[in-house]
Amino acid sequence: MAQPDANPPARPAMSDSTPAPTAPVDPPLPGALRAGRLVWLVSIAAGLIAAGFAVVAREENRSRVVTMLADLDPARPAGEVESLATTVLWATIGALVVVTAVEALLLHRLVRRRRGTRAVQAVVLAAHVPLALLAEGFLAEPGPAGTTTRVLVLGQLASAGLAFLVTLLARSRP
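Residues numbered from 1 in each chain as written. Predicted model: local features only at pLDDT ≥ 70, side-chain atom pairs only at ≥ 80, totals over all residues. Heavy atoms only, no water.

Participant: Please explain the overall build of the protein chain as it appears in this structure.
Facilitator: When helices and strands are tallied, the protein chain shows five helices and zero strands. Relative to the 2.2 N^0.38 estimate, which gives 16 Å for 174 residues, the radius of gyration of the protein chain is 27 Å and therefore markedly larger than a compact globule would have. Going through the 174 residues of the protein chain one by one, you find that 34% of them count as buried. Long-range pairs, those at least 24 residues apart, make up 75% of the contacts in the protein chain between residues at least 6 apart in sequence. Taken as a whole, the protein chain presents about 10900 Å² of accessible surface, with 67% of it coming from carbon and sulfur. (Helix = DSSP H or I, 4+ residues; strand = E, 2+ residues; numbered from the N terminus. Rg over C-alpha atoms; globule rule 2.2 N^0.38 Å. Buried < 20%, exposed > 50% of the residue type's maximum accessible area, 1.4 Å probe, protein only. Contact = heavy atoms within 4.5 Å. Areas by Shrake-Rupley, 256 points an atom, 1.4 Å probe, with all protein chains shown as cover.)

Here is the structure:
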């Protein structure tokens, strides 16, 4: 059996002087876009917390919505009113979560500087206004008992509007 050489042969020199490929580096975000991103994140957090509070307080909210619906149409059967109240309540919570998720996806597109994102954000924000008013009516108890939910839902809308205005100041392309 042959003895292995103590010194391996020298490696050949590289034949190409091209440097190794590197990952592209995104340019830094403008200050207005960074500030807008922070305000969007506050809005998204407020929406998710409001939806969480609504899920926790769903029985109290459902009984209140049953009373509201029964007052609107006293001739409607009680089982139908309760079913409708449950549907309205869960649809409101679901719509709040969906709008919050869409705003989060659009924030991701905005930070990646995709074209047309601000136009879609304007449409979503316009749809957010009646939804926030509807959610505030169904999910927040009247009076001081519903202050937390009311502040979260309307604060989400206000911070989303502010974030949209702030991000309009940023350049969309580097």
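Right, picking up where we left off after that structure.
Participant: Can you walk me through unusual backbone geometry in this structure?
Facilitator: Keep in mind that most residues, glycine aside, have a negative phi and that most peptide bonds are trans. Here the phi dihedral of R113 falls at roughly 60°; this positive angle occurs in a residue that is not glycine. Within the secondary structure, R113 is located in the loop between α3 (78–111) and α4 (117–139).

Participant: Would you mind showing me how to read the nonpolar core here?
Facilitator: A general feature of soluble globular proteins is that nonpolar side chains tend to end up buried together. The biggest cluster of nonpolar side chains holds 26 residues, and the ones touching the most others in it are W40, I93, L96, L139 and V153. Among the secondary structure elements, those contributing two or more residues to this core are α1 (31–56), α3, α4 and α5 (147–168). The biggest single contributor to this core is α1, with eight residues. If you look at the next biggest cluster of nonpolar residues, it comprises seven residues, including V65, L69, A85 and F138. (Core = buried A, V, L, I, M, F, W, Y, C linked by side-chain atoms within 4.5 Å.)

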